[in-house]
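Residue-level structure breakdown
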Amino acid sequence: MDKDGKNLVTTEGSRYSPDSIRLFETDRKTNVIFDIKYDESVKGYLFQADCYKNDSGSSQLFLRLDQSDTDTLIASYQTTRSKCFTYHDYTHFQLNGKDVYGAGETAALVIVK
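Nothing here was measured: the structure is a model prediction, and the numbers come from that model.

Conventions we followed
- Residues numbered from 1 in each chain as written.
- Predicted model: local features only at pLDDT ≥ 70, side-chain atom pairs only at ≥ 80, totals over all residues.
- Heavy atoms only, no water.
- Helix = DSSP H or I, 4+ residues; strand = E, 2+ residues; numbered from the N terminus.
- Areas by Shrake-Rupley, 256 points an atom, 1.4 Å probe, with all protein chains shown as cover.
- Lys, Arg positive; Asp, Glu negative; His and termini not counted.
- Charge placed at Lys NZ, Arg CZ, Asp CG, Glu CD.
- Phe/Tyr/Trp six-rings, centres within 6.5 Å; stacked < 30°, edge-to-face > 60°.
- Buried < 20%, exposed > 50% of the residue type's maximum accessible area, 1.4 Å probe, protein only.
- Lys NZ or Arg CZ within 6 Å of the ring centre and 35° of its normal.
- Core = buried A, V, L, I, M, F, W, Y, C linked by side-chain atoms within 4.5 Å.
- Contact = heavy atoms within 4.5 Å.

Moving on, we get to the overall build of the protein chain. Per the secondary structure count, the protein chain includes zero helices and nine strands. Of the regular secondary structure in the protein chain, the N- to C-terminal order runs β-β-β-β-β-β-β-β-β. Along the longest, intermediate and shortest principal axes, the C-alpha atoms of the protein chain span 50 × 30 × 25 Å. Surface accessibility of the protein chain: about 7600 Å² in total, with carbon and sulfur atoms responsible for 48%. Within the protein chain, the 17 negative side-chain charges are centred at a point lying 4 Å from the centre of the 14 positive side-chain charges.

Let us look at the packing of aromatic side chains. Tallied over the full model, the rule gives three aromatic pairs. Taking 5.4 Å as the distance between ring centres and 80° as the angle between the ring planes, the aromatic pair formed by Tyr 38 and Tyr 45 counts as edge-to-face. Judged by relative accessible area, Tyr 38 falls into the partly exposed class, the value being 42%. Using a relative accessible area of 24% as the deciding quantity, one classes Tyr 45 as partly exposed. Taken together, a centroid distance of 6.2 Å and an interplanar angle of 90° make the contact between Tyr 77 and Tyr 90 edge-to-face. Of the two residues, Tyr 77 sits in strand E5 (residues 69-81) while Tyr 90 sits in strand E6 (residues 86-95), which places them 13 residues apart along the sequence. The rings of Tyr 77, Tyr 90 and Phe 93 are connected pair by pair, giving a single aromatic cluster. For the cation-ring pair, Arg 28 lies above Phe 62, with the distance from its terminal atom to the ring centre recorded as 3.6 Å. A cation over a ring is seen here: Lys 53 above Tyr 77, with NZ or CZ 5.9 Å from the ring centre.

A word on the nonpolar core. Tyr 16, Ile 21, Leu 23, Leu 61, Leu 63 and Leu 73 are the most contacted members of the largest nonpolar core, which totals 16 residues. Sorting the residues of this core by element identifies strand E4 (58-66), E5 and E6 as the ones contributing at least two each. Ranked by residue count, the leading element in this core is E4, at three residues. Ignoring anything within four residues of it in the chain, the contact list for Leu 63 reads Ile 21, Arg 22, Leu 23, Asp 69, Thr 70, Asp 71, Leu 95 and Ile 111.

Pasting the structure below:
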């Protein structure tokens, strides 16, 4: 959304199209978005993604909104390992060096451009 709260991702003449948005690993080739859907409760699109996890506890990703607009997203997480499973709990996000927080009932990250 923009600073005035206007949704920048719609299918009808907005700044960004949901089909153009990609979230790449550091190789800038692997798109980690696996689901895109419109959510009425937030009146916008939700993008579900998951990235490669490493032992450092954070991953750098590149959010490409369109061909000319790419931002850097840092996803931090805590890893819990047991005999039966490994679980990663996301703990912190930064977009271009600024903190980004989950909002509303979905806890989706709201990115303001």
